[in-house]
Amino acid sequence: MAGCVWMWVVTLCLFIKILHFSTAQKNQTECPVGRYGPPNCTETCGSCFNPHDCNKVTGACPSCKTGFSGTQCKECSPLRWGTSCSPCGVGCAGTCHASNGNCTCRDGWTAPYCTECAAGRYGPNCTETCGSCANPRDCNNVTGSCPSCTTGFNGTLCKDCAVGNWGDTCSHLCGSGCENGVCDTLHGTCDCKKGWKIPTCEDCTDGHYNVSNDCQNTCGRGCNNTCSRTEGTCQCRAGWQPPLCQWCADGWFGSECTECGHCANNSVCDKKTGVCPFCDGDFVAPLCVDAVAPCKDSCSVAGPVAGTAIGCSVVFFIVGAIFDWWMRRSRSKKPSQADYSHEEFSSKSNLGTPALSSRRLAECPGRPESPKDRSEDTSDYGNIGFDSNIYEESVVSDNKMTAYVPLEFPVNSKNTDNDSDNDYINATSRHKLQLE
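As the structure is a prediction and not an experimental result, all values here were calculated from the model. (Residues numbered from 1 in each chain as written. Predicted model: local features only at pLDDT ≥ 70, side-chain atom pairs only at ≥ 80, totals over all residues. Heavy atoms only, no water.)

> Help me understand the overall build of the chain, please; the structure alone is not making it clear to me.
Within the chain, the secondary structure is distributed over five helices and 18 strands. Out of the 436 residues belonging to the chain, those deemed buried represent 29%. Looking at the chain alone, contacts between residues at least 24 apart form 24% of all its contacts between residues at least 6 apart. As presented, the chain carries roughly 28,200 Å² of accessible surface, and 54% of it is formed by carbon and sulfur atoms. (Helix = DSSP H or I, 4+ residues; strand = E, 2+ residues; numbered from the N terminus. Buried < 20%, exposed > 50% of the residue type's maximum accessible area, 1.4 Å probe, protein only. Contact = heavy atoms within 4.5 Å. Areas by Shrake-Rupley, 256 points an atom, 1.4 Å probe, with all protein chains shown as cover.)

> Sorry if this is basic, but what is going on with unusual backbone geometry here?
Most peptide bonds adopt trans geometry, and most residues besides glycine take a negative phi value. The omega torsion of the bond from alanine 111 to proline 112 falls at 5°, within 30 degrees of zero and hence cis. Positionally, proline 112 belongs in the loop between β6 (86–87) and β7 (121–122). For the bond running from isoleucine 198 to proline 199, omega is 10°, close enough to zero to count as cis. Mapped onto the fold, proline 199 is located in the loop between β12 (172–173) and β13 (208–209).

> Teacher, can you tell me more about the pattern of salt bridges here?
Close approach of charged atoms lets side chains of opposite charge pair. Under the definition given, this model contains six salt bridges. One salt bridge in this structure joins arginine 229 and aspartate 206, with 2.4 Å as the shortest N-O distance. Of the two residues, arginine 229 sits in the loop between β14 (217–218) and β15 (252–253) while aspartate 206 sits in the loop between β12 and β13, which places them 23 residues apart along the sequence. Owing to a relative accessible area of 29%, arginine 229 belongs among the partly exposed residues under this scheme. Two residues, lysine 271 and aspartate 250, come together in a salt bridge whose shortest N-O distance is 3.1 Å. One end of the pair, lysine 271, is in the loop between β16 (258–259) and α2 (302–332); the other, aspartate 250, is in the loop between β14 and β15, with 21 residues separating them in the sequence. A relative accessible area of 38% means that lysine 271 is categorised as partly exposed. Judged by its relative accessible area of 54%, aspartate 250 is exposed. (Salt bridge = Lys/Arg side-chain N within 4 Å of Asp/Glu carboxyl O.)

> Quick question: what am I supposed to make of the state of the cysteines here?
In a disulfide, the sulfur atoms of two cysteines are held together by a covalent bond. Counting across every chain of the model gives 24 disulfides. The disulfide partner of cysteine 130 is cysteine 139, and the gap between their sulfur atoms is 1.9 Å. Here the disulfide of cysteine 130 and cysteine 139 is left-handed, its torsion about the S-S bond being about -80°. The burial state of cysteine 130 is the same as that of cysteine 139; both residues are buried. (Disulfide = S-S within 2.5 Å.)

> Sorry if this is basic, but what is going on with a nonpolar patch on the surface here?
A grouping of Val275, Leu287 and Val289 is seen on the molecular surface, where their side chains present a nonpolar patch of about 220 Å² in accessible area. Tracing the backbone shows leucine 287 in the loop between β16 and α2. (Patch = residues over 30% accessible without salt bridge, like charges linked within 9 Å, V, L, I, M, F, W, Y side chains within 5 Å.)

> Any chance you could explain the side chain of asparagine 165 here in plain terms?
Positionally, asparagine 165 belongs in strand β11 (residues 165–166). At 3.1 Å, the side chain of asparagine 165 and the backbone oxygen of cysteine 170 are in polar contact. (Polar contact = N/O pair within 3.5 Å; in protein donor to acceptor, adjacent residues only side chain to side chain.)

> I would appreciate a short explanation of the side chain of serine 77 in the present structure.
Structurally, serine 77 is set in the loop between β4 (75–76) and β5 (80–81). At a separation of 3.4 Å, a polar atom in the side chain of serine 77 contacts the main-chain carbonyl oxygen of phenylalanine 68. Excluding anything up to four places from it in sequence, serine 77 contacts Gly67, Phe68 and Ser69.

> Can you help me understand the environment of cysteine 170 in this one?
By the secondary structure assignment, cysteine 170 is in the loop between β11 and β12. Take cysteine 170: its relative accessible area is 2%, and that puts it in the buried class. If we ignore the near neighbours within four places in the chain, the residues touching cysteine 170 are Gly152, Phe153, Asp160, Cys161 and Asn165.

Just distances and angles here, no functional claims.
Put into structure tokens, the structure is as follows:
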């Protein structure tokens, strides 16, 4: 009987245990979502991809949310940090600290989290450099746009040179001679207007000057080389007026500034025509360049005329004196007309045409003989029985001495009663004439 009682006691205990376990299992399945762990569901599930998938007893998750890892999805994946497993900064050179997320940044990023571009950088990886924003802080770190640009730049990103500027910093102005003020933004070259020097059109070309007048002033024609591109001054050739060498200097004339002729009294010629007011010396007006031609056809010089006149006067005076003396003698002792034949009494020389003064002819070679060079016609005194001219010829030598002038009076008279007639008729008179 005692054994039977003992059996019933053991059976009762097992029943109580099974009942208690069944109650505990029932309570375990009743943990709320996000909680697990017996007996009181005090544990919080991890970041299961689906919170309902968290095991109520173990807290295991079939899959985790992004950034989490592990069986219970309570650990951060690599490059994640913090309780929420936030991603490390994009600009981190490697992983970040698991607790605070600090890391070493790559170029262009801002420490300590390396999540934003540094000032002056933009783009997905902060690799782009901002343009010339008026305020560098105003550059959008994503798009790089600027609300305003510094001087010389233009465009949304302030990376383009404004019209009329060129260079890396757009600080150079296009040349003043560029057509429409436009030039290459990298090199500054452009199409030049007339008068400007290529390729940048910043200076006047050779032969032009005055930038302020658009290089439209041309250098003077008389410049020895090119002129100053600023003022137009230059070194002048002979005959041109400094400093611009655009006109002839005094004493020069014409388009090529030819030297004036021999103007008298230090006067100057007209700068256009070259005409002198008066000529200096024996030069021909109006230019006073050519000398007066020497005496050829007529003697216009006072000296030769005076010398010729004096020589002729002396010769005529002597001839006249001799003739007068002879006439007086011949009249006082004139033979009868019957004593002479007509042929003997005829004159064999012409007294009315004496020889021209050789000195006068020597003054002007080739000069034609004029009536004034001959003495008055004395043909009324012809037929007086001379065998030759009263004088043969007056020859002028270099020492202004004349040769002897023979005067021969042979008469073939039949009357020989008066021997004194033969004394002077057959005489030969010779005279030596000294011309001063």
